[in-house]
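Listed here are the chains, written in short residue letters.
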Amino acid sequence: MNHDELELLRTDFCGMDFQTPLVLLSGCVGFGEEYTRVVGYSNRDVGAVCLKGTTLEPRLGNPPHRIFETPMGMLNAIGLQNPGSRQVVDTILPELDFAETRFIANLSGSTLEEYVEVARIFDDSPIDAMEINISCPNVKEGGVTFGNDPEMSARVVAACRAVTDKPLITKLSPNQTDIADNARRCIEAGTDGFAVINTLMGMAVDIESRSPVIGNNQGGLSGPAIKPIALLKVHQVYQVAREHGIPIIGQGGVNSAEDAIEFLIAGASAVGVGTALFYDPLICAKINAGIVAYMNRHGLANVAQITGSLRLNDAGGSCS
Amino acid sequence: MNAALSQRETIFVEEAEILAHDAHPGDQYTLRLQAPQIAARALPGSFVHLTVNAQRPMRRPISIMRVDAQKGYVDLLYKVFGEGTALLAQNGIGDTLNLMGPIGKPFEFHADKKRPLLIGGGVGMPPMIFCADVLRQDTNYQPFVILGSEVPFPFQSQPSEFMVPGMPGGVIAAMPLIEQWNIPSRLTSTQGYPGCHDGYVTDLARHWLDSLADEERHEVEIFSCGPHPMLEAVARLAKEYDLPCQVSLEEFMACAVGGCAGCVVQVQTEQGPAMKRVCVDGPVFDAYAVF
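Only a predicted model underlies this, so the values are computations on that prediction, with no experimental measurement involved.

Thresholds applied
- Residues numbered from 1 in each chain as written.
- Chains lettered and ligands numbered in written order.
- Predicted model: local features only at pLDDT ≥ 70, side-chain atom pairs only at ≥ 80, totals over all residues.
- Heavy atoms only, no water.
- Buried < 20%, exposed > 50% of the residue type's maximum accessible area, 1.4 Å probe, protein only.
- Helix = DSSP H or I, 4+ residues; strand = E, 2+ residues; numbered from the N terminus.
- Pairing = 2+ DSSP bridges.
- UniProt positions renumbered as here; feature names shortened; annotations may be inferred.
- Contact = heavy atoms within 4.5 Å.
- Domains from an automatic or database assignment.
- Buried area = accessible area lost by both parts, 1.4 Å probe.
- Salt bridge = Lys/Arg side-chain N within 4 Å of Asp/Glu carboxyl O.
- Polar contact = N/O pair within 3.5 Å; in protein donor to acceptor, adjacent residues only side chain to side chain.
- Nonpolar A, V, L, I, M, F, W, Y, C, P; charged D, E, K, R; others polar.
- Axes fitted to C-alpha atoms, helices over the stretch in contact; angles between N-to-C directions.
- 1 Å grid on protein atoms, 1.4 Å probe; cavity = no way out; pocket = protein on both sides within 12 Å on 5 of 7 lines; lining within 4 Å.
- Points joined across faces, edges and corners; volume = space filled by probe spheres on them.
- Arc of directions from axis to C-beta.

Colleague: Can you walk me through the pairing of strand β4 (residues 60-68) of chain B in this structure?
Modeller: It is a general feature of regular strands that their side chains alternate between the two faces of the sheet. Residue and element names in this part refer to chain B. Across the nine residues that make up β4, a large majority, seven, are buried. One ladder, built from four bridges, connects β4 with strand β5 (residues 73-79); its direction is antiparallel. In the strand pairing of β5, Arg66 is matched with Asp75. Connecting β4 to the next strand, β5, in antiparallel fashion are four residues, including Gly72 with a positive phi near 75°.

Written out as structure tokens, the structure reads:
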């Protein structure tokens, strides 16, 4: 792509300059450097990279098997394996090249206090923004048990808000009754943006041993299989968020430029790519090129013109 | 320094044409792929992460058995295990597969350990064959290869031309390719295949180790790849004889670049237990850290 085409992709997200609307999702790309092993891959192809979920203290994570392929998707239960927030800030962040892209920390924890402490540690670091992970389905405490309770979600967001001025992005769970209500509460509590959605809880069974394949018994389902659910959730959250100018990273099964454009139309300002990287580590450049081609075909000057341009069918019902 | 930072641009992505794809008994297949970038850089223990079929987007990690850097091809051996490998088996000559590789920390040979003992079981044989191919090019080493299988071997065995100390009577079957390389090998199985040792790879390894003089035994280092119970037994044997031992592990894998932490194994480190990624921290590990 030439310079002008690349400029078409440049977009603002929570005050951050994203060189493309693509965001690499937490848990898929380690701590920002791992995919650079691949020749032809570049962090410059994305607007931001979300680092792996980070807790206050180091965690070993779940026992194997941690992943398993399912029809058009996969289950994972990593269990927040990470070296702890201090280690991430002191030894990993100094080696990231912030000229390449924006880096977003993923705050995880078992207690409200832990989220706050992790936020405080990242606040005093060069990290560009923080994603509050109140939707991890693979830990026994915190994670989705907070994210499925709007009251608790709002408390976590408010507590993190109190200790940082960096952009806060709340990662919402699809495993809840009313995602829009949860989003409303998180906006009141001070979130700057949303990531919609995290994985859906699922299971696979080995019929010979009659045990779940995943060591943690249950895992989070990702990949193309969840895309329709994610699109609807983005649309639902957008109904609430747009009044407040709160942008959304739409994510869940994005595997092509067409998928990314669907999410933008449904209300996303940026689009997350995760499982698709496992299929094709060079996919981001291809998605970028496909978005540019679409924009040229439709005479669009910037990505924001696509966001929320969904035209609901008059004969259909409301999507709530 | 961040390990990944020093490994930028070490994994290649290639659209690899299938040059040969041969079925063997026991649902085993050998696959030759044109992948010059990977062939030029692979080392014993390296693996490729490949697409099996457009309808099944997750890749599969498969060990490299041999490379020809001049001709630019890599050889793989795999067994149909699930839906992914079943789809892989349907590909024909001329079809292309998308390969990522070479990936992983390879086996390391040590000059003072002149008698590498290579033990491969089932689809764990390929990295041992790759090791033998590299070791034959260095006259410092005198390797011995033991291969075990509970399904027919994916090659026609032949009586070995090499005398190997400690071998029980009648254990003469060898892998022809390794024979051509002037490296002694022996085969084991509990299926009663002719010329094979009727038992486990570790039985035969024990016979061989017991036949060596003490100073010779001190020059042995064990390299192994195969099913988990076999590796456990090999690690026990190494401990019993106080020999260094490197093992290559496998696990379900998603990214294969260290990004997802999906393929971990628990290892013991000086700081206590740790979860290491089979893809980039391995697949080769010190057996003493794993078992």
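On we go from here.
Colleague: What should I look at first to understand the UniProt feature "binding site: FAD" (unreviewed entry) in chain B in this one?
Modeller: All names here are of chain B. Sites flagged by UniProt as "binding site: FAD" (unreviewed entry) map to Arg60, Pro61, Ile62, Ser63, Gly84 and Thr85. Secondary-structure assignment places Ile62 in strand β4. Using a relative accessible area of 6% as the deciding quantity, one classes Ile62 as buried. Apart from residues no more than four positions distant in its own chain, Ile62 is found in contact with Phe47, Val48, Leu50, Leu76, Leu77, Tyr78 and Leu88. Considering the arrangement of structural elements, one finds Gly84 in helix α2 (residues 83-88). By relative accessible area, which is 2% here, Gly84 ends up buried. For Gly84, the residues in contact, after removing those within four places along its chain, are Val52 and Arg60.

Colleague: Can you help me understand the domain arrangement of chain B in this one?
Modeller: Accessible area lost when the parts come together is the quantity often used to give the size of an interface. Residue and element names in this part refer to chain B. Taken as a whole, chain B is organised into domain 1 (3-103) and domain 2 (115-248). Computed from C-alpha atoms alone, the centre-to-centre distance between domain 1 and domain 2 is 25 Å. The partner domain 2 presents 16 residues to the 16 residues of domain 1 that form the contact. Taking both sides of the interface into account, the surface hidden between domain 1 and domain 2 amounts to around 1400 Å²; carbon and sulfur atoms contribute 73%. Note that Arg66 and Asp133 form a salt bridge whose closest N and O atoms lie 3.6 Å from each other. There are two residue pairs in polar contact (both at pLDDT 80 or more) connecting domain 1 and domain 2. Top contributing element to the side of domain 1 that touches domain 2 by residue count: β4, with five residues. Here the residues of the side of domain 1 that touches domain 2 sort into nine nonpolar, five polar and two charged.

Colleague: Help me out: how do you make sense of the sheet that holds strand β4 (residues 48-54) of chain A in this one?
Modeller: Note on sheets: strands pair through backbone hydrogen bonds, and any given pair is parallel or antiparallel. Residue and element names in this part refer to chain A. Pairing in this closed barrel of eight strands is parallel, and the strands run β3-β4-β7-β8-β9-β10-β15-β16 around the ring. This sheet shows a mean twist of 30° between the axes of neighbouring strands, independent of strand direction. Alignment of strand β10 (residues 193-196) against strand β15 (residues 248-250), held across three bridges, turns out to be parallel. Note on β15: the bridge partner recorded for Val196 is Gly250. The strands that helix α10 (residues 283-298) touches are β3 (22-24) and β16 (270-273); relative to β3, the one it contacts most, it runs at about 165°.

Colleague: Could you clarify how one ought to interpret empty space enclosed by the protein in this entry?
Modeller: One way to see where empty space is left: roll a probe the size of a water molecule over the atoms. Residues and elements named next belong to chain A. Inspection of the entire model under this criterion finds two cavities of 30 Å³ or more. Taken as a whole, the largest cavity spans an internal volume of roughly 480 Å³. Surrounding the largest cavity, 35 residues form its lining, Ser26, Gly27, Asn76, Asn198 and Thr199 being those nearest its centre. For the lining of the largest cavity, the secondary-structure elements that each account for two or more residues are β4, β6 (73-76), β16 and α9 (275-279). Ranked by residues supplied to the lining of the largest cavity, first place goes to α9 with three residues. In terms of residue class, the lining of the largest cavity is built from 15 nonpolar, 18 polar and two charged. Considered as a void within the structure, the second largest cavity measures approximately 40 Å³ in volume. Around the second largest cavity sit Gly40, Tyr41, Ser42, Asp45, Pro281, Leu282, Cys284 and Ala285, which together line it. Partitioned by chemical class, the residues of the lining of the second largest cavity number five nonpolar, two polar and one charged.

Colleague: What should I look at first to understand the sheet that holds strand β14 (residues 219-222) of chain A in this one?
Modeller: Residues and elements named next belong to chain A. The strand order across the open sheet formed by four strands is β5-β6-β14-β11, and the pairing between neighbours is antiparallel. Of all the strands in the sheet, the pair left with one neighbour each is β5 (67-70) and β11 (200-202). When strand polarity is set aside, the average angle formed by the axes of neighbouring strands in this sheet is 35°. Looking at chain direction, β6 and β14 are connected through three bridges and run antiparallel. Residue Leu75 lies in a different strand from β14, and its bridge partner there is Leu221.

Colleague: Teacher, can you tell me more about the interface of chain A and chain B here?
Modeller: Opposite the 34 residues of chain A that make contact, chain B presents 36 residues. In total, about 3200 Å² of surface goes out of reach between chain A and chain B, with carbon and sulfur atoms giving 60% of it. At the junction of chain A with chain B, the criterion picks out five salt bridges. With its nearest N and O atoms 3.1 Å apart, the salt bridge here joins Arg56 of chain B to Glu69 of chain A. Where chain A packs against chain B, one counts 18 residue pairs in polar contact (both at pLDDT 80 or more). Of all the secondary structure elements, the ones that give two or more residues to the side of chain A that touches chain B are β5 and α9 of chain A. Sorting elements by how many residues they give to the side of chain A that touches chain B places β5 of chain A first, with three residues. For the side of chain A that touches chain B, the class distribution of residues is 18 nonpolar, seven polar and nine charged.

Colleague: Help me understand helix α2 (residues 85-92) of chain A, please; the structure alone is not making it clear to me.
Modeller: Working note: α-helix, 3.6 residues per turn, so residues spaced by three or four point in the same direction. Taken as a whole, α2 of chain A has its buried residues at Ser85, Val88, Val89 and Ile92 of chain A. Viewed along the axis of α2 of chain A, the buried residues span an arc of 120°, placing them on a single side of the element.

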